[in-house]
Every structure is written in C-alpha cells, then in structure tokens.
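So the chains spell out like this:
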Amino acid sequence: MAKRGILRYRGYDIQDLAENCEFIEVAYLLIHDKLPTRTERRNYARLLNLNSMLHEDMQAFFRNYPEHAHPMAVASAMAVSLSSFYPEMNDPEQEKTISATRLISKIRTIAAYSYKKSIGEPFVYPSHKLTYCENLLNMMFSSPVADYEFSPVLVKAMNQLLILHADHEQNASTSVVRMVGSTGADLYASVSAGISALSGSLHGGANQEVMQMLETIHKSGGDVDKMVQRAKDPQHGFRLFGFGHRVYKSYDPRAKIAKQVCMSVLEKLGIHDPLLDIAMKLEERALNDEYFIERKLYPNVDFYTGITYRAMGFPTNMFTVLFAIGRLPGWISQWYEMQSDPHKKIGRPRQAYCGPTRLTYVPIDKRTAS
Ligand code: SDX
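Residues numbered from 1 in each chain as written. Predicted model: local features only at pLDDT ≥ 70, side-chain atom pairs only at ≥ 80, totals over all residues. Heavy atoms only, no water.

J.: I tried to follow the overall build of the chain on my own but got confused; where do I start?
T.: Summing up its helical and strand segments, the chain has 17 helices and two strands in all. Its C-alpha atoms give the chain a radius of gyration of 22 Å, within 12% of the compact-globule value 21 Å for 370 residues. Per-residue burial for the chain yields a buried fraction of 50% across its 370 residues. Restricting to contacts in the chain with at least 6 residues of sequence separation, those with at least 24 account for 74%. By element, 52% of the accessible surface of the chain is carried by carbon and sulfur atoms, the whole surface being about 18,300 Å². A distance of 5 Å separates the average location of the 43 positive side-chain charges in the chain from that of its 39 negative side-chain charges. (Helix = DSSP H or I, 4+ residues; strand = E, 2+ residues; numbered from the N terminus. Rg over C-alpha atoms; globule rule 2.2 N^0.38 Å. Buried < 20%, exposed > 50% of the residue type's maximum accessible area, 1.4 Å probe, protein only. Contact = heavy atoms within 4.5 Å. Areas by Shrake-Rupley, 256 points an atom, 1.4 Å probe, with all protein chains shown as cover. Lys, Arg positive; Asp, Glu negative; His and termini not counted. Charge placed at Lys NZ, Arg CZ, Asp CG, Glu CD.)

J.: Before we go on, may I ask you to explain the site of the ligand in this structure?
T.: Inspection of the region around the ligand gives 23 residues, with H168, G242, H245, R254 and R327 positioned closest. With respect to the ligand, the side chain of H168 contributes an N or O atom lying 2.6 Å from an oxygen atom. A distance of 2.5 Å separates an oxygen atom of the ligand from a polar side-chain atom of H245. Out of a free accessible area of 1,100 Å², the ligand has 77% covered by protein chains. A class-by-class count of the residues in the shell around the ligand yields nine nonpolar, seven polar and seven charged. (Near = heavy atom within 4 Å. Polar contact = N/O pair within 3.5 Å; in protein donor to acceptor, adjacent residues only side chain to side chain. Nonpolar A, V, L, I, M, F, W, Y, C, P; charged D, E, K, R; others polar.)

J.: What exactly am I supposed to notice about helix α2 (residues 23–32) here?
T.: For an α-helix, the turn length of 3.6 residues means that residues three or four places apart are oriented alike. Judged by how many residues are buried, α2 sits mostly within the fold: nine of ten residues are covered. Looking at the residues trailing α2, positive phi occurs at D33, about 70°.

J.: Just checking my understanding: could you explain the side chain of D167 for this structure?
T.: Mapped onto the elements, D167 comes out in the loop between α8 (152–164) and α9 (172–182). Of the buried charged residues, D167 lacks a salt bridge, with R327 as the closest side chain of opposite charge at 5.0 Å. When neighbours within four sequence positions are excluded, D167 is seen to be in contact with L7, Y9, L30, R327, G330 and Q334. (Salt bridge = Lys/Arg side-chain N within 4 Å of Asp/Glu carboxyl O.)

J.: Just to check I follow, could you spell out the packing of aromatic side chains for this structure?
T.: Aromatic rings in a pair are described by how distant their centres are and how their planes are angled relative to each other. Evaluation of the coordinates by the stated rule reveals 18 aromatic pairs. Centroid distance Y113 to F123: 4.2 Å. Interplanar angle 10°. Geometry classified as stacked. Highlighted residues: Y113 in helix α6 (residues 92–118) and F123 in the loop between α6 and α7 (132–141), separated in sequence by ten residues. Per residue, the accessibility class of Y113 equals that of F123, and both read buried. With a centroid separation of 5.2 Å and an interplanar angle of 85°, the aromatic rings of W335 and Y336 are classed as edge-to-face. We note that W335, like Y336, is buried. Through pairs of rings, three or more aromatic residues link up here, namely Y115, F141, Y148, F150, Y309, F314 and F319. Above the plane of the ring of Y336 lies K96, whose end atom (NZ or CZ) is 4.8 Å from the centre. (Phe/Tyr/Trp six-rings, centres within 6.5 Å; stacked < 30°, edge-to-face > 60°. Lys NZ or Arg CZ within 6 Å of the ring centre and 35° of its normal.)

J.: Before we go on, may I ask you to explain the nonpolar core in this structure?
T.: For soluble globular proteins, the rule of thumb is that nonpolar side chains tend to be buried together. One finds Y9, Y132, M158 and L240 to be the most contacted residues of the largest nonpolar core, which totals 111 residues. If you tally residues by element for this core, the top one is helix α17 (residues 319–339), at twelve residues. (Core = buried A, V, L, I, M, F, W, Y, C linked by side-chain atoms within 4.5 Å.)

J.: Sorry if this is basic, but what is going on with the pattern of salt bridges here?
T.: A side chain of one charge can pair with a side chain of the opposite charge when the charged atoms of the two come close. One pass over the full model with this rule turns up 15 salt bridges. Put simply, D33 and R10 hold a salt bridge, and the shortest N to O gap is 3.4 Å. One end of the pair, D33, is in the loop between α2 and α3 (38–50); the other, R10, is in the loop between β1 (8–9) and β2 (12–13), and 23 residues separate them in sequence. Classification of D33 by relative accessible area gives exposed; the value is 51%.

J.: Would you mind showing me how to read the packing of helix α12 (residues 224–232) against helix α14 (residues 274–287) here?
T.: In a pair of packed helices, the angle between the axes and the distance between the axes together describe the arrangement. Two elements in contact, α12 and α14, have axes whose closest approach is 10 Å; the angle formed by their N-to-C orientations is 50°. Taken together, the axes of α12 and α14 lie oblique to each other. Between α12 and α14 lies a crossing whose hand is right-handed. Of α14, the residues touching α12 (which contributes V224, D225, V228 and Q229) are I278, K281, L282 and R285. (Axes fitted to C-alpha atoms, helices over the stretch in contact; angles between N-to-C directions. Parallel < 35°, antiparallel > 145°, perpendicular 65-115°, else oblique. Left-handed = near helix turned anticlockwise from the far one by under 90°.)

Next up, the structure:
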C-alpha cells in the first residue's frame, strides 16, 4: 500500500485509528491482533499502570549519566537493563504479556527520568490516576512545586502522534529488533538494539534534524531556496530532513495527519511558530521542484512532528525518544511474530564478496606498504 500512500495497522486505516483511538488501544491491536473491548481496554490500562514504575535501584543509573547524555542512548541502556531487574518468567505466555506491558509502560518513565536528570529536577513518579499519555506528560512536565495542567487537545495530540509512529513494516529499526530476537536474545535486548538503530539521523533521528534544519533557515532570514539548492547539489551530500522515504514514493499519510495535529495544537495554544511557516514554505517549494518531483520526494512522518513536540514543551533531543515510545508496540508485535514462526531461523544475510580470491601468505617483514 506504501506506493499509494496508504498505511493500515491490522487492516485499520491510520486516519481512523488516529482520529478515534487512544494509543493504548492501538498498542493492544498490534500485540493482540484486535482492537480491545471496553473491558479489555480497562484491564490493559490497569496492567500498564501496575507496570509503570521503575525499580528504585535504577534511579542510580540515571543519576550517574552526564546531563548532556542523549536520551536515546539512555533509553537503549535502560531497556536492556530491565532484564536484570525483571528476570524471565517460567510461563512463556505470561512472560509474553508481562514483558511487553512492562516495556510499553516503563519506556515513558525511562524517557521522563532521563529528561528530569538532564534539567536537574527530581523524578516524577507515574500515577494510577492518569491515562497513558497523561502520565507521560505529567512525568515530563510536572514538578514538586507546580502541577502540570492537562489540556485535552495536547493529550489527544500525544495519543495521535504515538499512534502515527506505532508500526511501519520492515523499517531499519524493526528489522534490527527481529534480527536480534532471532538469535534467542530476549525482548529487552532486542528493543534496546531497535532504539539504537532508530537514533540514526536518516531514521528516527530525522525529527530532531528537521528542527535544526528549520532553525537554520529561520536564523538565515527564512530563505528556503538556499536549503533546497543545498539538498539538490550532490557535492553537498546534504539531505532535506523530513523528506523522502525508502518505500513511500508519494505523500507519507502520517505526514498529512501530523501536519493537521500540528496546526490544531498551535492554534489551541495560541502559538505562532515561525518554523511552521518555514516548513510549509519549504514543503511548497520542494513539491514544485523538478528534482524532488522526479525523485518522488515528499514530506515524511518526521517533517511536522517536531514543531508540535516543541509547542508541547519537549526539548529537541527528546523527539526521537517519543518516536521510540510510539514504535514500541510495533517492534514488540513484530518480535512476537518472528518468535511464533514455526520455521524461524537465526537471521543470516549473505553478501557478494568481490575482493581477491586467493593470495599467498606474506610474513610481516616481507610486506610492503601498499
Ligand atoms: C523514517 O523505512 C521506514 O519506514 C522509516 C520510517 C518508519 O516509520 O520507520 O518511515 C521513519 O525513517 C522516515 C525517514 C526519515 N529520514 C529523513 O527524513 C532523512 C532524509 N531522507 C533521506 O535521507 C532519504 O530520503 C531516506 C533515507 C529516507 C530514503 O532514502 P532512499 O530511499 O535510500 O533514497 P535514495 O538514497 O535512493 O535517494 C534517491 C535520490 C538520490 O538522488 P540521486 O542519487 O538519484 O541523484 O533522491 C535523493 C538522493 O540523493 N534524495 C534526497 C532526499 N532523499 C533522497 N535528496 C535531498 N533530500 C532528501 N531528503
């Protein structure tokens, strides 16, 4: 469906899910292959709450990271550390449900703790009184001296943005999660590897790069033409971040929704962000440029999300962690799909060797600098 710019999770159109669901319903859909009933959703929410805290001893890990540590590096380390605190259960079915729930719930706490450490504020614990996204926002932005004031528009936007990121067939990080899991490594280790893969600027790290690119254009007076020329010039090797895709050769359906979410959040908050004007000008310029048209380069999921995250109060270096929080149910469902394959084998890509075929050994004293 990618060629036609259509994205569906288990048959449901991304637009329908983003408009009508909470993120935990979509997580449930991806992992349990069906949208939950009201009772199933209530039980799932309760299970997520029961698994939202981190072991207190893990706080020492956060405290010993330097303040400038990138939250993606921290998240990857903390994800694999979970297996030290929550050893595998004997019952595989129970293990499947609990470890998936633990990761989906605790990844928020990990993200928020890494942020609080970076700004020198105390950790805020999750609360059973709050929903999944309310907890994420509260752990990030409340403090002992000021409660976080919830806005239904922002909570809805948080749900929608996480839904947009939840799964995307065999992208780089999902393939890594499957590959690591195929060796027999546990889910925590596989997800930790997926977080690392996602951090790359050509993949999940692009949402952070888009903001830096828009800021550069803004600081240079809003001249999008210069940035477009740079992206077109092969000498530069520069790519327009938030544009292009391995499989979408038309407008990324998630980018359309992300743009709508962005405009509704900025309107609700009464924010006029010049970066949104620049982003729309850049989009319009590129979509009418032969270079981009010929190569079928359109805005992707990362192009508008950062402007919304910033308006919600997230620092730029947290944007890719938010991508990871959204992608987690996709990674987990793909990992379990791989595990449940009766014919599963360890991943082993081949490569075509094109070097010299047979050389005679030369002792080190007889070797010459080539
Ligand atoms: C994500 O795979 C997924 O599903 C990923 C993802 C997910 O949900 O998991 O959708 C999330 O990673 C989205 C992509 C985020 N990355 C960026 O926004 C970084 C900027 N985009 C590019 O780096 C690039 O478009 C990629 C990496 C996304 C895709 O690269 P491709 O498909 O390998 O494209 P290519 O290298 O084959 O490029 C084809 C041509 C080249 O020009 P020519 O050599 O033919 O002259 O298009 C050019 C490229 O130079 N090109 C770009 C460009 N993207 C491709 N030129 C300028 N700016 C760009 N962004």
